[in-house]
Amino acid sequence: MQEIIQKNPGERLEYVLVSESGPDHNKHFVFEVHLNSNVIGKGGGKSKKEAEQQAAREALELMGY
């Protein structure tokens, strides 16, 4: 995802934490991928990294990759 965006220097990619729920031992995170303030992907998971990766996968599908 980062590599694709870096090919277009004017683009700004940001991962935004939308929600965090559950007890400390069983958290669930939801992240959105923003491209120039537009939401292009959303994903959830048991860790921040997993949620970010899921959001990136959805964004890549949307972009046709």
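See the structure above.
First, a word on what this report is: a plain description of the structure on this page.

Thresholds applied
- Residues numbered from 1 in each chain as written.
- Predicted model: local features only at pLDDT ≥ 70, side-chain atom pairs only at ≥ 80, totals over all residues.
- Heavy atoms only, no water.
- Helix = DSSP H or I, 4+ residues; strand = E, 2+ residues; numbered from the N terminus.
- Contact = heavy atoms within 4.5 Å.
- Areas by Shrake-Rupley, 256 points an atom, 1.4 Å probe, with all protein chains shown as cover.
- Lys, Arg positive; Asp, Glu negative; His and termini not counted.
- Charge placed at Lys NZ, Arg CZ, Asp CG, Glu CD.
- Expected span 1.5 Å × (residues − 1).
- Buried < 20%, exposed > 50% of the residue type's maximum accessible area, 1.4 Å probe, protein only.
- Pairing = 2+ DSSP bridges.
- Axes fitted to C-alpha atoms, helices over the stretch in contact; angles between N-to-C directions.

1. Notes on the overall build of the protein chain
What the protein chain contains, in helices and strands, is two helices and three strands. Going residue by residue from the N terminus, the α and β elements of the protein chain occur as α-β-β-β-α. Dimensions of the protein chain along its principal axes, counting C-alpha atoms only, are 40 × 20 × 15 Å. In the protein chain, once contacts between residues fewer than 6 apart in sequence are set aside, the share between residues at least 24 apart is 20%. Put simply, the protein chain shows about 4,500 Å² of open surface, and 46% of that area lies on carbon and sulfur atoms. Each charge class in the protein chain can be summarised by its mean position, and for the 8 positive and 10 negative side chains these summaries are 3 Å apart.

2. Brief notes about helix H2 (residues 48-62)
The terminal C-alpha atoms of H2 lie 21 Å apart, and with 15 residues this matches the ideal 21 Å at 1.5 Å per residue to within 8%. Of all the residues in H2, the buried ones are Ala51, Ala55, Ala56, Ala59 and Leu60. The inward-facing, buried residues of H2 contact helix H1 (2-6), strand S1 (13-21), strand S2 (28-35) and strand S3 (38-45). Of the residues trailing H2, Gly64 is marked for its positive phi of about 90°.

3. As for the sheet that holds S2
Across the sheet, three strands lie side by side as S1-S2-S3; this open sheet has antiparallel pairing. Bordering the open sheet on either side are S1 and S3, each of which pairs with just one other strand. Going from strand to strand, the sheet's axes swing by 20° on average, the running direction of each strand aside. Across eight bridges, the pairing between S1 and S2 is antiparallel.

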